[in-house]
Amino acid sequence: MTPPAPLSPTAAAKSKARTLRDVYDRWKVSGATARSADYIAAIGRAVAQFEGQHPAFPLESFNGDLGDAYRAWLVATCKTPKTARDRLTAIKSLLKFATETLEWLPKQPWRGMEIKATTTNKRRPWTTEELVTLFGTPLHQRGTLPDHPMAGGQAAYWVPLLGLFTGARLGELCQLRTVDVQTVSGLPVLVLTDDGEDQSIKSEAGHRTVPIHSELLRLGCLEYVETIKATGKDSLWPSMRLRKSKPSDYFG
């Protein structure tokens, strides 16, 4: 009896049931949109969590019943509703990719499935007493810079002050370049943008121009900027170590 011919690589691939992991592996390298390493890792954690409950689960077997059961499991298991929502959203995004881009599914089986979550850690304003404590240290009273390698040299002095007088996010301030300090209609301003390499802004509305407060001018902010410009450096904080995609992580 003649033995059956071996499967071709293509036929062998088709004979193996696709899984959510296969979708994730394709999504990671699809290149459709720019994705940060942290975002890719977050989606990967969601996939690993699903695999812990449903190992090697066939993609074609995803349906609404499975989604509803997994949603309930997430709500009961995750530490916060936000984490549960984010994990469900991650799986849904991969199912959408499998359906609309790869065409591995006839329809998105978990479409419309949601987990309601509200912000649990709302940030309150700093009190006057807290601000007095923060800016009452030798750093801001005598200009004594910390020697910790993550402090960023002069950034330790200026970044908290810029945060106080502009309301900008820490990441926006840590990624500032010398060219982001400009004069518009005779007023010195900070231009918050993602135009530079490795710069990022959280939302489209985050692109904005912020006047530099008179107190910052009195303290010598513009003189500091000119000093850095004279060195030919691009970053406003040349001694600061930046983490790619999250520039404020080390400084924070």
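Residues numbered from 1 in each chain as written. Predicted model: local features only at pLDDT ≥ 70, side-chain atom pairs only at ≥ 80, totals over all residues. Heavy atoms only, no water.

**Some points on the packing of aromatic side chains**
Then, in step 1: Tallying each qualifying case throughout the model produces 13 aromatic pairs.
Then, in step 2: With 6.3 Å between their ring centres and 90° between their planes, phenylalanine 50 and phenylalanine 57 make a pair best called edge-to-face.
Then, in step 3: Through a chain of ring-to-ring contacts, three or more aromatic side chains come together here, namely Phe50, Phe57, Phe62, Tyr70, Trp73 and Trp110.
Then, in step 4: The ring of tryptophan 104 is capped by arginine 18, whose NZ or CZ atom sits 4.1 Å from the centre of that ring.
Then, in step 5: Its end group placed over the ring of tyrosine 250, arginine 241 keeps NZ or CZ at 5.1 Å from the ring centre. (Phe/Tyr/Trp six-rings, centres within 6.5 Å; stacked < 30°, edge-to-face > 60°. Lys NZ or Arg CZ within 6 Å of the ring centre and 35° of its normal.)

**A few points about the sheet that holds strand 1 (residues 181-184)**
Then, in step 1: A sheet is described by the order of its strands in space; here 3 strands give the open sequence 1-2-3, paired in antiparallel fashion. Single-partner strands in this sheet number two, and they are strand 1 and strand 3 (208-211). Within the sheet, the average angular offset between the axes of one strand and its neighbour, ignoring direction, is 45°.
Then, in step 2: In this structure, strand 2 (residues 187-192) lies alongside strand 3, joined through 4 bridges in antiparallel fashion. Looking at the pairing, leucine 190 lines up with valine 210 of strand 3. (Pairing = 2+ DSSP bridges. Helix = DSSP H or I, 4+ residues; strand = E, 2+ residues; numbered from the N terminus. Axes fitted to C-alpha atoms, helices over the stretch in contact; angles between N-to-C directions.)

**Points about the pattern of salt bridges**
Then, in step 1: Here the structure, examined in full by the defined rule, presents 12 salt bridges.
Then, in step 2: In this structure, aspartate 86 engages lysine 82 in a salt bridge whose closest nitrogen and oxygen atoms are separated by 2.8 Å. One end of the pair is aspartate 86 and the other is lysine 82, both in helix 5 (residues 81-101) and 4 residues apart, which spans about a single turn.
Then, in step 3: Accessibility expressed as a relative area gives 34% for aspartate 86, which makes it partly exposed. (Salt bridge = Lys/Arg side-chain N within 4 Å of Asp/Glu carboxyl O. Buried < 20%, exposed > 50% of the residue type's maximum accessible area, 1.4 Å probe, protein only.)

**Structural notes on the nonpolar core**
Then, in step 1: Trp158, Leu176 and Trp237 are the most contacted members of the largest nonpolar core, which totals 28 residues.
Then, in step 2: For this core, the secondary structure elements donating two or more residues are helix 8 (155-166), helix 9 (170-174), strand 2 and helix 11 (221-230).
Then, in step 3: Top element by residues in this core is helix 8. It accounts for 7 residues.
Then, in step 4: If you look at the next biggest cluster of nonpolar residues, it comprises 27 residues, including Val23, Ala84, Leu105 and Ile115. (Core = buried A, V, L, I, M, F, W, Y, C linked by side-chain atoms within 4.5 Å.)

**Section: the side chain of aspartate 180**
Then, in step 1: On the secondary structure map, aspartate 180 appears in the loop between helix 9 and strand 1.
Then, in step 2: Among the residues examined, aspartate 180 registers a relative accessible area of 1% and is labelled buried.

**Examining the packing of helix 4 (residues 64-77) against helix 5**
Then, in step 1: Helix 5 packs onto helix 4 with a crossing angle of 150° between their chain directions and a minimal axis gap of 8 Å. Compared by their axis directions, helix 4 and helix 5 come out roughly antiparallel. Once helix 4 is placed against helix 5, the crossing between them reads as right-handed. Counted together, Arg71, Leu74 and Val75 of helix 4 and Ala84, Arg87 and Leu88 of helix 5 form the full contact between these two elements.
Then, in step 2: A breakdown of the residues in the contact of helix 4 with helix 5 according to their chemical character gives 4 nonpolar, no polar and 2 charged. (Parallel < 35°, antiparallel > 145°, perpendicular 65-115°, else oblique. Left-handed = near helix turned anticlockwise from the far one by under 90°. Contact = heavy atoms within 4.5 Å. Nonpolar A, V, L, I, M, F, W, Y, C, P; charged D, E, K, R; others polar.)

**So, unusual backbone geometry**
Then, in step 1: Its identity is not glycine, yet glutamate 103 carries a phi of approximately 60°, on the positive side.
Then, in step 2: Within the fold, glutamate 103 resides in the loop between helix 5 and helix 6 (128-134).
Then, in step 3: Accessibility expressed as a relative area gives 64% for glutamate 103, which makes it exposed.
Then, in step 4: Non-glycine residue serine 185 carries a positive phi angle of around 55°.
Then, in step 5: Within the fold, serine 185 resides in the loop between strand 1 and strand 2.
Then, in step 6: On the basis of relative accessibility, which here comes to 76%, the residue serine 185 falls in the exposed class.

**Remarks on the environment of valine 75**
Then, in step 1: Structurally, valine 75 can be placed in helix 4.
Then, in step 2: Residues valine 75 and leucine 88, 13 residues apart in the sequence, show an inter-C-alpha distance of 9.7 Å.
Then, in step 3: Valine 75 has contacts with Ala84 and Ile115, leaving out every residue within four places of it along the chain.

**Remarks on the environment of methionine 240**
Then, in step 1: On the secondary structure map, methionine 240 appears in the segment after helix 11.
Then, in step 2: C-alpha of methionine 240 to C-alpha of alanine 156: the two residues are 84 residues apart in sequence and 9.1 Å apart in space.
Then, in step 3: Residues in contact with methionine 240, not counting those within four places in the same chain, are Gly152, Ala155, Val159, Cys174 and Phe251.

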